[in-house]
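Residues per chain, in single letters:
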Amino acid sequence: MTAAGQELHFADAGEAADLAAFLARLIHYDRAAAVRLQAGSGLLAVFGRPPSFEVLAIRTARLEAIIGTDATPAGAAGAASGPGALDRTVSAGELEDALDTARAGRTADGPDVRDRGLVVTVPQAVTGPPWAGVLPPRGGWRRVSGLPGVDEVRGAVAAAVAEFRARDAELPEERRTRAERDRIGHEIWSRTLGDTGLPLRAVHAAQSLGFLRPVRAAAPAASAPGAGGGVATAAPGPTAEPLALLTAGGWLRLRTPYGSIAVRTSGLSGLSVTPA
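Residues numbered from 1 in each chain as written. Predicted model: local features only at pLDDT ≥ 70, side-chain atom pairs only at ≥ 80, totals over all residues. Heavy atoms only, no water.

Focus: the overall build of the protein
Part 1 of the argument: Counting its regular elements, the protein contains 5 helices and 12 strands.
Part 2 of the argument: Counting over 276 residues, the protein shows a buried share of 50%.
Part 3 of the argument: Taking the contacts inside the protein whose residues are at least 6 apart along the sequence as the reference set, 68% of them involve residues at least 24 apart.
Part 4 of the argument: Carbon and sulfur atoms make up 50% of the accessible area of the protein, which totals about 12,100 Å². (Helix = DSSP H or I, 4+ residues; strand = E, 2+ residues; numbered from the N terminus. Buried < 20%, exposed > 50% of the residue type's maximum accessible area, 1.4 Å probe, protein only. Contact = heavy atoms within 4.5 Å. Areas by Shrake-Rupley, 256 points an atom, 1.4 Å probe, with all protein chains shown as cover.)

See below:
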């Protein structure tokens, strides 16, 4: 089987559907979005970068198997390795289409297969954007104290969005420009969440990508490969930890039961964003 025909056998079709929803949100912010895939040891990690937030977003799903050999060089440190491993940058839209096609075909087969996994053909590799070569470290993560509870985190996002809209509404017509709105957005979203050092833009990204929704009862969560310390989780269970903040190698990572948001704590560029 060629690299272009490599297949991912998802262990749970619901997780594949959640992944498709995540990709749709990335495409909402960038119609030409690319994602980097890393898979091995029974788990797929999908890395994306919604441009409006300037963060890395990570979603995972459990795999039963990876069929085929990835012939595309990773070209970056921290690549997946081992039999059946996959490390490839692909179009987010093509991956979403592949997931949708597989899900439609499974539904057409009848109700007796709806609780089974899903087989998805991996799209061909694309030239990755610069961020795809700079992923969070694979290990060495340690917990950062002081992270508020999930209700307080959601409240902080809501308050920041409300402030942005209020200040935007107060602008006189001659100052209601993209540059002025970007200035206000940069000021608000560069603030940190309490004493954690985590910029509010990371929390806003988590909310906008669906990572802060209530936890549903499901199978036990699994840690993602390729970013260490469980960079995201798949199939959050009823006892899954709602939120955690971790740090390693110049990165901060907000981990939730549905995915992670990672930001670099040095060399960050300015934020240019208006609320989603």
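Some thoughts on the environment of Asp 97
Part 1 of the argument: On the secondary structure map, Asp 97 appears in helix H2 (residues 92–108).
Part 2 of the argument: Counting along the chain gives 23 residues from Asp 97 to Val 120, while the straight-line C-alpha distance between them is 9.8 Å.

What to know about unusual backbone geometry
Part 1 of the argument: Positive phi is not limited to glycine here, since Ser 41 has a value of about 55°.
Part 2 of the argument: When you line up the elements, Ser 41 lands in the loop between strand E2 (34–40) and strand E3 (43–48).
Part 3 of the argument: The phi angle at Glu 54 is positive, at roughly 55°, despite the residue not being glycine.
Part 4 of the argument: Tracing the chain through its elements places Glu 54 in the loop between E3 and strand E4 (56–67).
Part 5 of the argument: Residue Glu 54 is classed as buried on the basis of its relative accessible area, which comes to 17%.

Structural notes on the environment of Glu 15
Part 1 of the argument: Mapping Glu 15 onto the fold places it in helix H1 (residues 13–29).
Part 2 of the argument: On the accessibility criterion, Glu 15 (1% relative accessible area) is buried.
Part 3 of the argument: Distance in space between the C-alpha atoms of Glu 15 and Ala 61 is 5.7 Å, their sequence separation being 46 residues.

A closer look at helix H5 (residues 200–208)
Counting along an α-helix, one turn takes 3.6 residues, and residues three or four places apart therefore face a common direction.
Part 1 of the argument: Taken across its 9 residues, H5 has 8 buried, putting it largely inside the fold.
Part 2 of the argument: Regarding H5, the residues found buried are Leu 200, Arg 201, Ala 202, Val 203, His 204, Ala 205, Ala 206 and Ser 208.
Part 3 of the argument: Those residues of H5 that are buried are in contact with H1, helix H3 (150–170), helix H4 (178–189), strand E11 (251–256) and strand E12 (259–264).
Part 4 of the argument: Just downstream of H5, Gly 210 is the residue with a positive phi angle, here 85°.

So, the pattern of salt bridges
Note on pairing: side chains with opposite charge can pair once their charged atoms come close.
Part 1 of the argument: Enumeration according to the criterion identifies 15 salt bridges in this entry.
Part 2 of the argument: Put simply, Glu 15 and Arg 62 hold a salt bridge, and the shortest N to O gap is 2.6 Å. Of this pair, Glu 15 sits in helix H1 while Arg 62 is found in strand E4, placing the two residues 47 residues apart along the sequence.
Part 3 of the argument: Residue classification places Arg 62 among the partly exposed positions, given a relative accessible area of 23%.
Part 4 of the argument: Several salt bridges share partner residues, and in doing so they unite Glu 163, Arg 167, Arg 175, Glu 180, Arg 183, Glu 187 and Arg 191 into one network. (Salt bridge = Lys/Arg side-chain N within 4 Å of Asp/Glu carboxyl O.)

Regarding H1
Part 1 of the argument: Over its 17 residues, H1 runs 25 Å from end to end, which matches the ideal 24 Å to within 8%, given 1.5 Å per residue.
Part 2 of the argument: Of the residues making up H1, those classed as buried are Ala 13, Glu 15, Ala 16, Asp 18, Leu 19, Ala 20, Phe 22, Leu 23, Leu 26, Ile 27 and Tyr 29.
Part 3 of the argument: The residue sitting at the N-terminus of H1 and contributing the capping side-chain oxygen is Asp 12; that oxygen lies 2.8 Å from the backbone nitrogen of Gly 14. (Expected span 1.5 Å × (residues − 1). Polar contact = N/O pair within 3.5 Å; in protein donor to acceptor, adjacent residues only side chain to side chain.)

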